[in-house]
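Structural description and commentary
The residues making up each chain are set out below.
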Amino acid sequence: MNTCAQIRDGGGVGRASSRLAGRLAMTCPMLTVMMGLLACSRSGPMPNEQRGLESSAVAITVPSGFLDEIYASGLDGATAMQFAPDGRLFVTEQSGRLRVIKGGTLLPTPALSLSVDDNGERGLLGIAFDPAFASNGHLYVYYTTSSGGTHNRLSRFTASGDVVAPGSEVVLVDFDRLSGATNHNGGAIHVGVDGKLYVAVGDNASGSQAQSLGNRHGKMHRLNLDGSIPSDNPFFATATGANRSIWALGLRNPFTFAIQPGSGRIFINDVGQDTWEEINLGRAGANYGWPAGEGPDRNRPGDSAPIHAYNHGSNQCSIAGGTFYNPPVVQFPAGWVGHYFFADYCAGWIRRLDPGSGQVSNFASGVASPVDLKTGPDGALYYLARGNGRVGRVRAAVSEAPRILTHPANQSVAIGQTATFSVSATGTAPLAYQWQRNGADIPGATAASYQLTNAAASDGGAQFRAVVRNGAGSVTSNAATLTVVDNRPPTGTITSPGNGTLYGGGQTISYAATGSDPEDGALSDGAFTWEVVFHHATHTHPFLPARTGARGSFVIPDRGETATDVFYRVHLRVRDAGGLEHRSFVDVRPRIVALTMATEPAGLGVSIDGQPVAAGTTVESVVGIVRSLGTTSPQSVGGRTWQFSSWSDGGAATHEVVTPAANATYVARFAETASTGGGLRAEYFDEIGFGAMPRVTRVDPVVDFDWQLASPDPAIGAETFSVRWQGRVTPAFSETYTFYSQADDGVRLWVNGQLLIDAWYDQSETERSGTITLVGGQSVDIRFEFYENGVDAVARLLWSSARTSKQVIPSSHLTPAGATPAPSGTKINFQVAGAAIPAGYLADTGAVYGPRSGGQSYGWNFDHSDFTRERDEHPDQRLDTLCHFHAGGIWELALPNGSYSVTVSVGDPHHDSVHTINVEGRNFWKARGLAAGQFLLSTQIVTVSDGRLTIDQGAGSEKSTRINYVEVTR
């Protein structure tokens with residue numbers, strides 16, 4: 001069992017500390033949130049325990065000319081705030097209470113108390129006001145309910161004064177059912193300048209959901225105020241039913257966002273995973289790329305990159321809150337109007353972003369776990385600090401004498417314990433503090449807090465106060481009285497689970513304890529309070545809110561966090577009749593195994609939980625946790641194209657697995673597809689034998705003919721003719737294949753030089769077969785001969801194998817004899833004539849299309865040599881050279897018809913640039929801006945049908961797109 005001797009600062013008290021992190025779906029590795037769950041073994045009130053809300057009594061650090069002050073305090077597990085049109089500030093608490101702050105005073109009666117599921121990051125999470133609130137009293141909230149299965153709900157209520165009218169709830173939207181994962185819940189809501197409700201919903205810890213129009217997780221939604229769906233939503237025609245509310249997708253956990261007054265511009269704060277936090281520009285129909293990518297780089301063309309991203313480090317981990325500075329009354333510098341303020345929950349800073357220049361500046365630091373920011377009607381910046389349960393206000397400073405914000409509180413401690421008194425004040429800096437006991441100065445007590453250690457019975461009744469001074473004057477706080485009691489603390493012992501117990505996903509953990517007190521004896525069930533906190537890396541997530549009783553249990557989720565640097569801390573607090581406490585905890589650790597992702601053949605791409613990983617990657621996983629394995633198909637590597645066949649565990653291309661109890665390897669198996677396709681070369685003879693020259697030569701896509709009494713071509717007689725089909729056949733799998741002929745009359749078949757069928761004589765329609773073992777993806781010769789000698793004419797060629805159902809051999813697996821093979825790995829570098837040519841590349845110097853070295857034909861529809869450049873700045877020759885597109889410019893490469901993997905690089909080492917690229921009509925980028933020295937690389941599959949690969953920039957302007965190189969493989 002673990003114990004500790006002090007309480008971490010900023011922990012707060014009660015339920016605030018039990019669910020610190022609230023709706024913040026912060027499965028990011030640097031969320032340094034010290035839960036302050038008072039997990040200590042010291043008896044009686046402890047030194048830091050007395051700090052409670054006063055642990056952040058000292059004002060945060062703000063720039064010169066600004067003043068930070070406490071606007072209101074006493075909040076419990078705050079998650080979001082919003083100003084009503086009449087100036088009142090409404091704050092949501094995770095446990096389901098909606099609080100009202102009026103004139104800087106927190107009203108004691110909640111405006112609304114909802115029954116919510118507040119496990120993990122669920123609960124009451126968002127609030128917005130109707131534009132006509134003054135007349136209709138409508139307000140909107142987002143909360144998690146267990147009614148009808150756990151899910152998030154958007155409801156409308158009607159306010160009546162400072163409370164919500166009973167029975168006024170109108171349920172507008174019940175969102176999709178939630179899995180066992182209690183994180184990534186989203187919850188921010190706002191009304192846009194268009195009068196529509198915008199709602200942010202997290203991916204429920206399943207990244208793949210963020211990319212599907214078949215669910216509402218990982219999305220931004222747009223709704224009418226009555227909950228109906230606007231018909232001009234971007235996916236109204238492509239999604240179905242309730243999913244038509246989707247306005248943007250590809251988000252991980254957009255738990256806060258802001259809408260700029262006037263312009264309606266939306267900035268979405270998306271909490272990242274391993275490395276990046278993002279601010280995204282909200283756009284109808286946008287895809288922000290999660291889980292394929294995060295941060296400034298996007299792995300897929302068309303995904304929207306953030307307008308600002310910052311990485312983890314220096315205790316940064318989770319973007320929280322955001323507000324545009326567009327107040328009706330401007331307090332801050334005029335040049336800041338329109339700027340965007342945002343905060344980091346773990347680092348506790350607030351920064352300012354200039355949307356015009358993209359420049360980011362530090363503004364404030366030392367905020368206790370900020371979760372929301374708002375620009376007030378008075379022009380001040382308000383922040384919601386969950387860590388100490390208060391709303392702070394930063395305003396423009398004027399020279400003023402000190403003013404007490406929080407007075408010292410009365411303290412009650414046991415003999416030998418420590419009492420801590422704290423004060424907070426505001427006024428023109430610097431502030432000086434002097435503590436007094438019974439009106440006399442205490443030597444050396446010149447900080448914002450004072451500790452009396454080893455309290456004696458004689459200290460009982462002493463009064464402590466603080467005098468605060470600056471150059472403009474002084475102020476004296478109220479006096480706080482110290483009570484010293486002769487009471488010994490209780491003792492609690494956790495009997496289950498044992499410290500270090502190992503867990504797996506889906507497992508039930510039972511907890512139990514005994515407790516006794518020197519004065520009270522054995523403690524009753526009501527004296528025991530339990531809380532469970534989920535620890536991940538250097539931060540924590542709330543898990544099980546406070547529960548009373550000597551015993552109980554909880555279930556480990558089998559979904560949600562997939563990292564292994566995690567554990568559950570089970571906290572116990574026992575309290576005696578005199579109010580003294582004993583605290584202890586035990587840790588329940590994960591059972592970890594290794595999962596290896598492999599492919600056959602090696603080197604192809606797979607993913608785990610939606611994120612691409614290299615084949616051969618081994619990841620650690622907690623036993624029992626559900627993981628998602630995936631792969632894409634087809635894939636092209638080294639000029640060869642591969643089609644997904646199966647996973648070693650029998651799962652589909654993308655499927656879920658439950659992490660087994662032992663190390664495991666999962667193999668994605670692929671088969672190479674036909675290298676060319678298109679059918680077989682057919683020679684038709686106007687006789688039974690093949691002595692004369694063929695009358696007709698053509699390519700037949702498949703051999704599947706029932707001519708009956710007709711002829712195959714007007715140049716061929718109907719009753720006596722013969723056909724020879726030749727080319728190559730490419731199997732999909734390495735296994736034994738059976739080839740079938742169905743013919744009337746004679747037939748012969750050779751595969752890879754082996755005569756499999758030999759029935760060269762007159763016969764009625766008969767099926768014959770032969771077998772041969774082939775290697776997947778390796779093409780072999782095939783020749784099929786047939787003659788017709790009266791009555792009916794039938795000729796069919798089929799195959800089957802263990803993994804191929806009996807069928808006519810498809811055109812995609814047949815290559816006509818004499819077809820020109822596709823070049824393997826054709827690489828073109830665009831450059832100035834005479835520049836160095838990268839190894840393995842051919843040079844394009846802007847010349848008009850025609851034959852070039854290497855046996856290839858390529859070039860432009862008109863001369864582009866005047867637009868080729870060599871910058872002599874970049875060490876990679878491929879990127880150092882480029883060619884601008886003239887308006888209307890088209891570049892082509894001669895290729896046989898078929899499917900190709902095409903890689904294109906664009907960018908300029910020296911100049912800013914904007915790029916639009918279409919390859920065979922497939923868009924790679926559209927008006928994508930790059931700074932000097934930035935480059936984009938994209939690979940996509942395209943199909944050539946006219947003998948030329950075509951690249952253009954569509955309607956792009958003169959010199960807009962700069963292309964560096966192209967790589968083409970079959």
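All residue numbers refer to positions counted from 1 along the written sequence of the respective chain. The predicted nature of this model means local features are confined to residues of pLDDT at least 70 and side-chain atom pairs, given and counted, to a pLDDT of 80 or more, with totals for whole chains, interfaces and linings taken over all residues. Neither water nor hydrogens contribute to the side-chain values; these are computed over all heavy atoms in the structure.

1. Remarks on the overall build of the protein chain
A count of helical and extended segments in the protein chain gives 3 helices and 79 strands. Dimensions of the protein chain along its principal axes, counting C-alpha atoms only, are 125 × 65 × 55 Å. Exposure classes here rest on a 1.4 Å probe applied to the protein chains alone. A residue is buried below 20% of its type maximum, exposed above 50%, and partly exposed in between. Classification of the 970 residues of the protein chain by burial places 57% in the buried group. Note on contacts: a residue pair qualifies if any of its non-hydrogen atoms lie within 4.5 Å across the two residues. Summarising the internal contacts of the protein chain: among those between residues at least 6 apart in sequence, 64% fall at separations of at least 24. Total accessible area on the protein chain is roughly 35,700 Å²; 48% of this is exposed by carbon and sulfur atoms. Positive residues here are Lys and Arg, negative ones are Asp and Glu, while His and the chain termini are left out of the count. By convention, the point assigned to a charge is CZ for Arg, NZ for Lys, CD for Glu and CG for Asp. Looking at charge distribution, the protein chain has the averaged site of its 71 positive side-chain charges lying 7 Å from that of its 87 negative ones. Numbering of helices and strands starts at the N terminus; helices are DSSP runs of H or I of at least 4 residues and strands are runs of E of at least 2. What sets the accessible areas is the Shrake-Rupley method with a 1.4 Å probe; for residues, cover comes only from the shown protein chains.

2. Here's the deal with the nonpolar core
Working definition of a nonpolar core: buried Ala, Val, Leu, Ile, Met, Phe, Trp, Tyr and Cys residues. They are joined through side-chain atoms within 4.5 Å. Among the nonpolar cores identified, the biggest contains 36 residues, and Tyr 684, Trp 707, Trp 725 and Phe 739 are the most heavily contacted of them. Looking at this core, the elements that each hand over two or more residues are β55 (680-685), β58 (720-729), β59 (735-744), β60 (747-751), β61 (754-759), β62 (766-774), β63 (780-789) and β64 (794-801). Membership of the second largest hydrophobic core comes to 31 residues, among which are Leu 75, Phe 267, Ala 320 and Leu 353.

3. A word on the sheet that holds strand β24 (residues 370-375)
The antiparallel open sheet is built from 4 strands, whose spatial order is β1-β26-β25-β24. Strands with a single pairing partner mark the edges of an open sheet, and in this sheet they are β1 (66-73) and β24. With direction set aside, neighbouring strand axes in the sheet form an average angle of 25°. Bridge count between β24 and strand β25 (residues 381-385): 5 bridges; the pairing is antiparallel. Counted as the bridge partner of Lys 374 is Tyr 382 from β25. Two strands qualify as a pair provided that DSSP identifies no fewer than 2 bridges between them. Fitted lines through C-alpha atoms give the axes, limited to the stretch in contact for helices. The angle between two N-to-C directions lies from 0 to 180 degrees.

4. A few points about the state of the cysteines
By definition, a disulfide is the covalent link that joins the sulfur atoms of two cysteine residues. Any two cysteine sulfur atoms within 2.5 Å of one another count as a disulfide. In the structure shown here, the tally under the stated rule is 1 disulfide. Here Cys 317 engages in a disulfide with Cys 346; their sulfurs sit 1.8 Å apart. On the sign convention where negative is left-handed, the bridge of Cys 317 and Cys 346, at about 45° about the S-S bond, is right-handed. You can see Cys 317 sitting in the loop between β19 (308-311) and β20 (319-324) and its partner Cys 346 sitting in the loop between β21 (340-344) and β22 (350-353), a full 29 residues away along the chain. No difference in accessibility class separates Cys 317 from Cys 346, as the two residues are buried.

5. With respect to the confidence of the model for the protein chain
Reading fine detail from the predicted coordinates is not recommended where pLDDT is low. For every residue, the pLDDT score states the predictor's confidence, bounded by 0 at the bottom and 100 at the top. Across the protein chain, pLDDT averages 87, with 91% of residues at or above 70. When pLDDT is averaged over each helix and strand of the protein chain, the minimum, 29, is found for helix α1 (residues 14-18) and the maximum, 98, for strand β13 (residues 197-201). Below pLDDT 50 for its whole length, residues 1-58 participates in 229 contacts with residues either more than four positions away or in separate chains.

6. Things to note about the environment of Val 271
Structurally, Val 271 is set in the loop between β17 (266-270) and β18 (276-281). Overall, the relative accessible area of 1% leaves Val 271 in the buried class. Counting along the chain gives 19 residues from Val 271 to Arg 252, while the straight-line C-alpha distance between them is 6.7 Å.

7. A look at the sheet that holds strand β16 (residues 256-259)
One open sheet holds the 4 strands; their spatial order is β16-β17-β18-β19, and the pairing between them is antiparallel. Sheet topology places β16 and β19 at the edges, where each strand pairs with a single neighbour. Between one strand axis and the next, the sheet turns through 10° on average, direction left out of account. Direction of pairing for β18 relative to β19: antiparallel, over a ladder of 4 bridges. Paired with Glu 277 across the two strands is Tyr 310, which belongs to β19.

8. What to know about the pairing of strand β67 (residues 826-830)
Buried residues dominate β67, accounting for 4 of its 5 residues. Of the strand pairs in this sheet, β67 and strand β79 (residues 962-969) are connected by 4 bridges, and their pairing is antiparallel. When the sheet's bridge partners are listed, Ile 828 is paired in β79 with Val 966. One ladder, built from 3 bridges, connects β67 with strand β68 (residues 842-844); its direction is parallel.

9. Comments concerning the side chain of Ser 722
The residue Ser 722 is located in strand β58 in this model. Since its relative accessible area comes to 0%, Ser 722 is described here as buried. Within the local environment of Ser 722, its side chain forms a polar contact with the backbone oxygen of Glu 687, the two atoms lying 2.7 Å apart. At 3.2 Å, the side chain of Ser 722 and the backbone oxygen of Ile 688 are in polar contact. When neighbours within four sequence positions are excluded, Ser 722 is seen to be in contact with Glu 683, Tyr 684, Phe 685, Glu 687, Ile 688, Gly 689, Phe 690, Phe 786 and Tyr 787. Contacts described as polar in this section are N or O atom pairs within 3.5 Å, which, within protein, must combine one atom able to donate a hydrogen with one able to accept it, while residues neighboring in sequence count only if both atoms come from side chains.

10. As for the pattern of salt bridges
When a carboxyl oxygen of Asp or Glu lies within 4 Å of a side-chain nitrogen of Lys or Arg, that pair is called a salt bridge. Summed over the entire model, instances satisfying the criterion amount to 42 salt bridges. The residue Arg 437 makes a salt bridge to Asp 459 at a minimum N-O spacing of 2.9 Å. Of this pair, Arg 437 sits in strand β31 (residues 432-437) while Asp 459 sits in the loop between β33 (449-452) and β34 (463-470), and the two are 22 residues apart along the sequence. Arg 724 is the partner of Glu 785 in a salt bridge, and the nearest nitrogen-oxygen pair spans 3.0 Å. Separated by 61 residues along the polypeptide, Glu 785 in strand β63 and Arg 724 in strand β58 bring together distant segments of the chain. Taken together, the shared-partner salt bridges in this structure form one network comprising Glu 69, Asp 378, Arg 393, Arg 395, Glu 400 and Arg 403.

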